[in-house]
Amino acid sequence: MTAVSVQRPPAPPAAKPRRRSRDVFQATPLTFVMLLATVVLSIFPLYYMIVVATREQGATSSVPPPLIPGSSLGDNIGRLLSNENAAFMTGMVNSAIISLTLTVSVVFLSTLAGFAFAKLRFRGRNALMLSILVTMMVPAQLGVVPLYMMMAKLQWANHLPSVIVPFLVNGFGVFMMRQYVSQSVPDELIEAARVDGCNTFRIYWSVVLPALRPAIAVLALFTFMAQWNEFFWASLAMGDPSNPTVQISLQHLSTGYYNDYAQVFAGTLLSILPLLAAFILFGRQIIGGIMEGALKA
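None of the values given here were measured: they were computed from a predicted structure.

(A) Examining the side chain of T103 more closely. Following the sequence through the fold, T103 ends up in helix α4 (residues 88-119). One polar contact links the side chain of T103 to the main-chain carbonyl oxygen of S99, over a distance of 2.6 Å. Non-local contacts of T103, meaning those with residues more than four positions away in its chain, are made with A220, T223 and F224.

Structure, rendered in structure tokens:
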């Protein structure tokens, strides 16, 4: 009995070794130089503000200008807080109340309205959403005169309600949350919650709101920054020098024939500390939401 030889199929060609991502996306020295220059140009104004805030009066007029922080920050802050024309601490407290109140209100009402427009079916939904989009297209300056007349009739001028009540909700927040709810919350999850016996508000609070944490962080950060830096409407509605916001206090520091830049920059340094705290607080939530979405993908 003869043995039958079995011919083996030819071996497949060896695959070429894949290049590591480290080699594919390796940065060139020019990239590092450009990034370093961008960082220096971005940080230098902030650094120079700190330098002037820690120096004596007239440091900005010295030649060459100082580039190393001094030891007069405490004296400058003391003169700033004792300046009755600026009422700086009153401005800080007023801006904190306004910014925190509006941040909480805008986030809550925008997420609630965004959930309703995205997942609930009711008559006139598209028309209402269109009207919200129209409000985003109209410049805010066009409504300043009638809004101020309304605040005057309500006797809210020079009081905090005049800068809080008109901005409790905005169209951008509603539109942003509607888009995010439509993409991140599936209809099956809403139906499963209804089967479990949840009412509409319970679905919003227990199902939808936890899924919106990254978008909430972004909206809260933008709202807090916008309200803290608001100057145009606050200068009209809060014209009383004894009851200003922080931006109006900084304006009072820089008006006159002689500007004490050490005091102005000391006030600017104190005014940006809440913004840095907001970046630290909400920035971690934004990055965490991005990383969570990348892992799910």
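And the narrative resumes.
(B) Focus on the layout of surface pockets. Approximately 940 Å³ is the volume found for the largest pocket. Lining the largest pocket are 31 residues, with A140, P166, F167, N170 and Q227 positioned closest to its centre. Counting only elements with at least two residues in the lining of the largest pocket, the list comes to α4, α5 (125-137), α6 (144-153), α8 (171-184), α11 (213-228) and α12 (232-237). A per-element tally of the lining of the largest pocket places α11 first, with six residues. When its residues are assigned to classes, the lining of the largest pocket shows 21 nonpolar, nine polar and one charged.

(C) The packing of α4 against α5, seen in detail. Axis separation between α4 and α5 bottoms out at 10 Å; the angle between their running directions is 135°. It follows that α4 is oblique to α5 by the angle criterion. For the pair α4 and α5, the sense of crossing is left-handed. Here A116, F117 and A118 of α4 lie close against α5, whose contacting residues are R125, L128, M129 and I132. Taken together, the residues of the contact of α4 with α5 break down into six nonpolar, no polar and one charged.

(D) Here's a closer look at the environment of M225. Note on placement: M225 falls in helix α11. On a C-alpha basis, the gap between M225 and L275 in space is 6.6 Å, while along the polypeptide they are 50 residues apart.

(E) Region of the structure containing the pattern of salt bridges. If you walk through the whole model with that rule in mind, you get two salt bridges. Among the ionic pairs, D260 bridges to R79, the shortest N-O distance being 2.4 Å. One end of the pair, D260, is in the loop between α13 (246-253) and α14 (261-296); the other, R79, is in helix α3 (residues 73-81), and 181 residues separate them in sequence. According to the relative accessible area criterion, D260 is buried, its value standing at 10%. Between D187 and K119 there is a salt bridge; the shortest N-O distance is 2.7 Å. Remark: K119 occurs in helix α4 and D187 occurs in helix α9 (residues 187-195); sequence separation between them is 68 residues.

(F) Inspection of unusual backbone geometry at higher detail. Positioned with a positive phi, A87 is a non-glycine residue whose angle comes to about 50°. Along the chain, A87 falls in the loop between α3 and α4.

(G) Structural view of the packing of α5 against α8. Orientation of α5 relative to α8, taken along the N-to-C sense of each, is 130°, at an axis distance of 9 Å. Relative to α8, the element α5 is oriented oblique. Seen from above, α5 lies across α8 with left-handed handedness. Residues M129, I132, L133 and M136 of α5 form the contact with α8, whose participating residues are G171, F172, V174, F175 and R178. Across the contact of α5 with α8, the residue classes tally to seven nonpolar, one polar and one charged.

What counts, and where the lines are drawn
Along every chain, residues carry numbers that run from 1 in the direction the sequence is written. In keeping with the predicted nature of the model, local features appear solely for residues at pLDDT of at least 70, side-chain atom pairs appear and are counted solely at 80 or more, and the whole-chain, interface and lining totals rest on all residues. Only hydrogens and water are set aside when side-chain values are computed; all heavy atoms of the structure are taken into account. Every helix listed is a DSSP run of H or I at least four residues long, and every strand listed is a run of E at least two residues long, numbered separately from the N terminus. Within 3.5 Å is the distance limit for a polar contact, defined as a pair of N or O atoms, with the added protein rule that one can donate a hydrogen and the other accept it, and that residues adjacent in sequence qualify only through two side-chain atoms. Contacts: residue pairs with any heavy atoms within 4.5 Å of one another. We place a 1 Å grid over just the protein atoms. Points where a 1.4 Å probe fits but has no way out form a cavity, open points with protein on both sides within 12 Å along at least 5 of 7 lines form a pocket, and any residue with an atom within 4 Å of a point lines it. Grid points are joined across faces, edges and corners, and a volume is the space filled by probe spheres set on the points. All residues other than Ala, Val, Leu, Ile, Met, Phe, Trp, Tyr, Cys, Pro, Asp, Glu, Lys and Arg, Gly among them, are scored as polar; the first ten of these are nonpolar and the last four charged. Each axis is a line fitted through C-alpha atoms, and for a helix only the stretch in contact is used; angles between axes span 0 to 180 degrees, taken between their N-to-C directions. Throughout this description, any angle smaller than 35 degrees is read as roughly parallel, any larger than 145 degrees as roughly antiparallel, any in the 65 to 115 degree range as roughly perpendicular, and the remainder as oblique. A crossing counts as left-handed when the near helix is turned anticlockwise from the far one by less than a right angle, and as right-handed when that turn is clockwise. Basic side-chain nitrogens of Lys or Arg form a salt bridge, by our definition, when they fall within 4 Å of a carboxyl oxygen of Asp or Glu. Throughout, exposure labels follow a simple rule: accessible area from a 1.4 Å probe, protein chains only, divided by the maximum for the residue type, with under 20% read as buried, over 50% as exposed, and the rest as partly exposed.

The values reported here are purely geometric and, on their own, carry no functional implication.
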